[in-house]
Amino acid sequence: MTLSGEIYSFEEAPLYQKSAQTYIETGIDIFDLKNKEAIPNVSTSSFPHAHSIVKLLKQVKTSKKKLKVLECGAGNGIFARHFLFACKKEGLLDKVEYLISDFDFRIVKDLRSRSLYQEFKENIHFRYLKLDLMNLDECIDIKSKPYDLGEIDLVIMNYCLHALPCSIYKKEDELLEKLYIEFLEQDNHQVQVLKEFWMEEKKVRFEAKEKQYLDLLHNIAENYKQEQKIHFNFNALDALEKLLNRLSPNGFIYIADIPTMDFDSRVSYRAFAGAIAYILNSQLISNFVETKNYWNYIHNDFILYKHIISKSQPSYRFKQTLKENFETNNPCVLFCEMISAMKIFVSDQSNKAYKALLNEFLRIDDVSVYSKLYQAIYYMKIKKFKKSKKLFEEAEKINFFTTCPVHQYQKKLDLLMERESLLKSMKPKFLGLFEFN
Ligand SMILES: C[S@@+](CC[C@H](N)C(=O)[O-])C[C@H]1O[C@@H](n2cnc3c(N)ncnc32)[C@H](O)[C@@H]1O
């Protein structure tokens, strides 16, 4: 362990570099649950989540021009896969160009090396890009050629804005103080905050990006209690502003992130598999959008904080679709709850109930590895082993990041099939014995 002894303002601390390094060194294996530690994304990457956003996109389609969808920080690319399948379902596939981007080539190339989008055509339905939210003016395609993003109809950011460093403030006798830290670097490249201390705002050095949004910081600080940490995600605001400038007139930005209510404000950040999440200050983002006079929709549930931003008032049908997919009915929450419910039925006595639940599940998801797994389990329960085996094989093929416990159930089927063949081979002997008696 080495003690660097260096003092940094929170947003400049090597936490971000180390976190970025972790993403680059691990590549998309950072999402693979077969590893000891992995970044979880079952709900954000679920088919129902992608499908509900495609339904919204359908409402902004007006001209014959292809809709351009940009996904930032695409990570393991499962969301993009599901999005393309949902476009197909909604008859939008040939009307969409999906840009799958991440901040480093290692991740983008890793993604390309997997067979995630075999059912779709590269450069027609989708395209890989290297795009860093900290440097949006530079966008490069898979051949390292500059790529002009042009006008975008939809920007998707799932668990991604939180990867950008923020600064942290607190109120002290009505004045603001900024957080500085001393950090400890361990041999395994993990970093640990050793000491935190506060500096008066007037003694602080501001980065140009941070300076732009200081008024917003002062405004939201009014609602904070003394000593309460204020997360100032100025890099996220800067990225949002640049992306909003690229939106088509009725285009929109979709953000899904860690719910703020899930977050203990005494903590400065959270770490997942060595990558840092700075936690988004939803109030800050909302205030920023309001000062720009953009249209704004926020929805929180126990899984996700969702924020939709549009430059213009969306249509009545858009708002209706929003209500149907995020409020009265929320397929993403339903998906998570059904995954838990499917585990309840363990015996063969519950086949009928399991089938009813399966039908309900297939109504919201007949695409993902989960849909294949639950069908395989059903056929195993009713002893149609061949059909079950085929479905398990299909599930295994698309279980790209071991997010789904396919193998565990497949082992059970293997045992059942073994037992059945053993019984079959014993039958003649039993019969023989019977005849002898
Ligand atoms: C927590 S992961 C989320 C990945 C994926 N969207 C999901 O929901 O699973 C954060 C993603 O942001 C990417 N990322 C980190 N820094 C970034 C930056 N400066 N610009 C764009 N993406 C970045 C990481 O490579 C990673 O893929």
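Residues numbered from 1 in each chain as written. Predicted model: local features only at pLDDT ≥ 70, side-chain atom pairs only at ≥ 80, totals over all residues.

**Q** Is there a simple way to explain the nonpolar core in this structure?
**A** It is characteristic of soluble globular proteins that their nonpolar side chains tend to be buried jointly. Counting 118 residues, the largest nonpolar core has V155 and Y254 as the members making the most contacts within it. Each of domain 1 (10–164 + 235–329) and domain 2 (343–433) accounts for three or more of the residues forming this core. In this structure, V155 is in contact with L70, C72, L243, I253 and Y254, ignoring residues within four places of it in sequence. (Core = buried A, V, L, I, M, F, W, Y, C linked by C-beta atoms within 7 Å. Buried ≥ 20, exposed ≤ 12 C-beta atoms within 10 Å, placed from the backbone. Domains from an automatic or database assignment. Contact = placed C-beta atoms within 7 Å.)

**Q** Hey, could you run me through the site of the ligand in this one?
**A** Within the structure, the ligand sits among 23 residues, and N41, G73, G75, F103 and L133 are positioned closest to it. The class makeup of the residues in the shell around the ligand is 14 nonpolar, seven polar and two charged. (Near = placed C-beta within 6 Å. Nonpolar A, V, L, I, M, F, W, Y, C, P; charged D, E, K, R; others polar.)

**Q** What is the right way to look at the domain arrangement of the chain in this model?
**A** You'll often see interface size given as the accessible area lost when the parts meet. What the domain assignment reports for the chain is domain 1 (10–164 + 235–329) and domain 2 (343–433). One C-alpha centre belongs to domain 1, the other to domain 2, and the line joining them spans 35 Å. With 14 residues of domain 1 at the interface, the matching set in domain 2 holds eight residues. Residue contributions to the side of domain 1 that touches domain 2 peak at three residues, all from helix α3 (residues 78–89). (Helix = DSSP H or I, 4+ residues; strand = E, 2+ residues; numbered from the N terminus.)

**Q** Any chance you could explain unusual backbone geometry here in plain terms?
**A** A negative phi holds for most residues other than glycine; trans holds for most peptide bonds. A positive phi angle is found at S144, which is not glycine, with a value near 65°. Turning to its location among the elements, S144 is positioned in the loop between β5 (135–141) and β6 (152–158).

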